[in-house]
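Residues per chain are reported as follows:
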Amino acid sequence: MAKTTETIGEHHVRIELKLNGKPVSHVVNGGRRLIDFLRDDLHLYGTKEGCGEGECGSCTVFLNGTATLACLTPMERASGGEVQTIEGIGTAENLDPLQWAMMEEAGVQCGICTPGMIMAGLDLLKHNPHPTRDEIIQGIAGNLCRCTGYQKIITAIQRAAETRT
Ligand code: FES
Ligand code: FES
């Protein structure tokens, strides 16, 4: 998709992007964060805001195929690009193997970190389909979880890696 950001008046811009495979066109305040656009403007509540400062990873989405922190991404940067959120990963009837594994291994507790953790896990598996446990720990190092102690999440990612082979 071509870069498309049209300035409207002093403070607004029109943003066009592809979101979970569908074209979206919206007028937003200049500098609006991608996380606010997703949650407040589009009511896509899957992407969570934890710290809002780039520290916890709970807002991780894919921007042009790269894991990206939506709380640090102004809409102008996403414009013309392709954004994929947790809503674009699997469906209720057809979950991604990592979503299944997270449920079955009890890698989901309060759920705040879960969407970001799944995006980080998928990003890892995309680049390294057969990670070791240490590589998984490194791969999700930017994603914090206050509930699970990480072991169940790591096991879930390992299980998903096996399922995908
Ligand atoms: S909310 Fe974005 S990194 Fe914490
Ligand atoms: S499940 Fe609660 S923060 Fe991870």
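Residues numbered from 1 in each chain as written. Chains lettered and ligands numbered in written order. Predicted model: local features only at pLDDT ≥ 70, side-chain atom pairs only at ≥ 80, totals over all residues.

## Some details on the overall build of the chain
The criterion, for reference: By definition, any uninterrupted DSSP run of H or I lasting at least four residues is a helix, any uninterrupted run of E lasting at least two residues is a strand, and each is numbered from the N terminus. A radius of gyration in this sense is built from C-alpha atoms; the matching globule rule multiplies 2.2 Å by the number of residues raised to 0.38. Any residue surrounded by 20 or more other C-beta atoms within 10 Å of its C-beta is treated as buried, while 12 or fewer makes it exposed and the intermediate range makes it partly exposed; C-beta atoms here are placed from the backbone.
Regarding its fold elements, the chain presents six helices and six strands. When the helices and strands of the chain are listed from N to C terminus, the series reads β-β-β-α-β-β-α-β-α-α-α-α. In terms of C-alpha radius of gyration, the chain reaches 16 Å, essentially the compact-globule figure of 15 Å for 165 residues. Projecting the C-alpha coordinates of the chain onto the three principal axes gives extents of approximately 50 × 30 × 25 Å. Within the chain, the fraction of its 165 residues that count as buried is 38%.

## Quick notes on the packing of helix 4 (residues 114–127) against helix 6 (residues 151–164)
Test applied: Here an axis means a line fitted to C-alpha atoms, over the contact stretch when the element is a helix, while the angle between two N-to-C directions is reported on a 0 to 180 degree scale. Any angle from 65 to 115 degrees is called roughly perpendicular, while one under 35 is roughly parallel, one over 145 is roughly antiparallel, and all others are oblique. Each crossing gets its hand from how the near helix is turned against the far one by less than a right angle, where anticlockwise is left-handed and clockwise is right-handed. Once C-beta atoms are placed from the backbone, any two residues with those atoms within 7 Å are in contact.
At a minimum axis distance of 11 Å, the contact between helix 4 and helix 6 shows a crossing angle of 45°. Relative to helix 6, helix 4 is oriented oblique. Every pair of crossing elements has a handedness; the one defined by helix 4 and helix 6 is right-handed. Along its contact with helix 4, which presents Met117, Gly121, Leu124 and Leu125, the element helix 6 presents Ile153, Ile157, Ala160, Ala161 and Arg164.

## Looking at the domain arrangement of the chain
Condition: Domain start and end points were adopted from an automatic or database domain assignment. Throughout this entry, Asp, Glu, Lys and Arg are counted as charged residues, while Ala, Val, Leu, Ile, Met, Phe, Trp, Tyr, Cys and Pro are counted as nonpolar. The remaining residues, Gly among them, count as polar.
On domain assignment, one finds that the chain holds domain 1 (5–88) and domain 2 (97–164). Residue-level contacts link 13 residues of domain 1 with eleven residues of domain 2. Of all the elements, strand 4 (residues 60–63) adds the most residues to the side of domain 1 that touches domain 2, at three residues. A breakdown of the residues in the side of domain 1 that touches domain 2 according to their chemical character gives six nonpolar, six polar and one charged.

## Description of the environment of Cys110
Position of Cys110 among the secondary structure elements: in the loop between helix 3 (97–104) and helix 4. By the C-beta count within 10 Å, which is 10 here, Cys110 ends up exposed.

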